[in-house]
Every structure is written in structure tokens, then in C-alpha cells.
Amino acid sequence: MLPFKTLLRVRHYEMDALGHVNNAVYQNYLEQAAIEHSEHLGLTLDVYRQVGGVFVMRRVEIDYLRPAVAGDTLEVTTWLKEMRGTRALRCYEIRKQNQDNLLVTAEALWVWVDAQTMRPRPIPNVMLDKFLQIQNSGVTN
């Protein structure tokens, strides 16, 4: 599926003892990019409430290639590699804005769960249709 890009500014409190973005913070960046991608498609929190479910991150694999520091503006690119059943496999790349070198690559498994029971259930058609629509239209941010 086509990539979605967003920009995030690294904040000072996200640094570790070495002065780099703490490794755990990158997971927040991944989640923020996924949320912004959904919102870009019109899949707001209200839509999630209407269909009675939410995506939760079940597994994430992150490769840390280069550091980022406070004040950097990062370009986070994400795309859905696969959506099937209850699962969505989402890929990510993080770079400094206007640079080619990758800082981070990641792949996350998101699972659609019922908002009341928190049990997995099939991804609703409204979600599948929106994500497939972006694939077919060629729209990116």
C-alpha cells in the first residue's frame, strides 16, 4: 500500500544518557504516525467509537540504525504491508527531514479488538475500504 509521511520534532525530554533519542521513544513515534495516517483517511476516534473497536499494537520489531537528537525534525513514513482477518502489518521508516539516510526501520503487528471485551475480531469493512481506497487512489500526505 502507498506510504503516508508525517513530521515529528524531537523533544529534549526524549533523550537518553548519551544525548540520543531513547530507544523506547521510537515506539511512540510509530504509534503517532499510525494515528495520523488513520486520521488522514477520515478514520477519527469518533469513527472508531462508532464501529466499536480499536487497533492495538501486539508486536513491534525495531532496527536502530543511526541516532536522532533534540531539535531534529524526523520524517516518519508508514504503510500497510497487509490487512487480513484481525491483523494489520504496518511498516515504518524514520529519517531526518530532507535526508536519505535511514535512522530506524520497523514493522508492527496491529490487531483489531472489540472496545468492550478487548478480544480480537475481524477488521470492519469501513476500515478495510478506507485503507484500500488510499492504495487505489495514490494519495499520500
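Just so you know, these numbers come straight off a predicted model, no measurement behind them.

Focus on the overall build of the protein
Then step 1. Across its full length, the protein holds 3 helices and 5 strands.
Then step 2. Shown N-terminal to C-terminal, the secondary structure of the protein runs as helices and strands in the order β-α-α-β-β-β-β-α.
Then step 3. The C-alpha atoms of the protein give 16 Å as radius of gyration, which agrees with the globular expectation for 141 residues (14 Å, within 12%).
Then step 4. Looking at the protein as a whole, 38% of its 141 residues are labelled buried.
Then step 5. For the protein, contacts bridging at least 24 residues in sequence account for 68% of all contacts bridging at least 6.

A look at the sheet that holds strand S1 (residues 4-9)
Then step 1. Taking strand neighbours across the sheet as the criterion, the 5 strands line up as S1-S3-S4-S5-S2 in an open arrangement whose pairing is antiparallel. Single-partner strands in this sheet number two, and they are S1 and strand S2 (53-64). Averaged over all pairs of adjacent strands, the angle between strand axes in this sheet comes to 25 degrees, irrespective of strand direction.
Then step 2. Note: strand S4 (residues 87-96) against strand S5 (residues 102-114), 9 bridges, orientation antiparallel.

Section: the confidence of the model for the protein
Then step 1. In this model, the protein carries a mean pLDDT of 93, and residues with pLDDT of at least 70 account for 94%.
Then step 2. Low pLDDT, under 50, characterises residues 136-141; the stretch is placed with 10 contacts to residues that sit more than four places away or in other chains.

Things to note about the environment of glutamine 116
Then step 1. By the element assignment, glutamine 116 lies in the loop between S5 and helix H3 (125-137).
Then step 2. By relative accessible area, glutamine 116 is classed as exposed at 74%.
Then step 3. Taking C-alpha positions, glutamine 116 is 10.0 Å from valine 54, a pair spaced 62 residues apart along the chain.

A closer look at the layout of surface pockets
Then step 1. In this model, the largest pocket occupies a volume close to 320 Å³.
Then step 2. For the largest pocket, the lining is made up of 16 residues, of which Ala34, Ile35, Ser38, Tyr48 and Phe55 are closest to its centre.
Then step 3. Contributions of two or more residues to the lining of the largest pocket are made by helix H1 (25-40), helix H2 (45-51), S2 and S4.
Then step 4. For the lining of the largest pocket, the leading source of residues is H1, giving 5 residues.
Then step 5. Counted by class, the lining of the largest pocket contains 11 nonpolar, 2 polar and 3 charged residues.

Focus: H1
For an α-helix, 3.6 residues make a turn, and residues three or four places apart therefore share a direction.
Then step 1. For H1, built from 16 residues, the straight-helix expectation of 22 Å at 1.5 Å per residue is met to within 8% by its first-to-last C-alpha distance of 23 Å.
Then step 2. Among the residues of H1, those classed as buried are Val25, Tyr26, Tyr29, Leu30, Ala33, Ala34, His37 and Ser38.
Then step 3. Phi for glycine 42, located one or two positions after H1, is positive at around 90 degrees.

What to know about the side chain of glutamate 75
Then step 1. Examined against the element boundaries, glutamate 75 turns out to sit in strand S3 (residues 73-84).
Then step 2. Although glutamate 75 lies buried, it forms no salt bridge, and the closest oppositely charged side chain, lysine 5, sits 4.1 Å away as judged by the N-O distance.
Then step 3. Excluding residues within four positions of it along the chain, glutamate 75 makes contact with Lys5, Thr6, Leu7, Glu93, Ile94, Arg95, Lys96 and Gln97.

Calculation notes
- Residues numbered from 1 in each chain as written.
- Predicted model: local features only at pLDDT ≥ 70, side-chain atom pairs only at ≥ 80, totals over all residues.
- Heavy atoms only, no water.
- Helix = DSSP H or I, 4+ residues; strand = E, 2+ residues; numbered from the N terminus.
- Rg over C-alpha atoms; globule rule 2.2 N^0.38 Å.
- Buried < 20%, exposed > 50% of the residue type's maximum accessible area, 1.4 Å probe, protein only.
- Contact = heavy atoms within 4.5 Å.
- Pairing = 2+ DSSP bridges.
- Axes fitted to C-alpha atoms, helices over the stretch in contact; angles between N-to-C directions.
- pLDDT = per-residue confidence, 0-100.
- 1 Å grid on protein atoms, 1.4 Å probe; cavity = no way out; pocket = protein on both sides within 12 Å on 5 of 7 lines; lining within 4 Å.
- Points joined across faces, edges and corners; volume = space filled by probe spheres on them.
- Nonpolar A, V, L, I, M, F, W, Y, C, P; charged D, E, K, R; others polar.
- Expected span 1.5 Å × (residues − 1).
- Lys, Arg positive; Asp, Glu negative; His and termini not counted.
- Salt bridge = Lys/Arg side-chain N within 4 Å of Asp/Glu carboxyl O.

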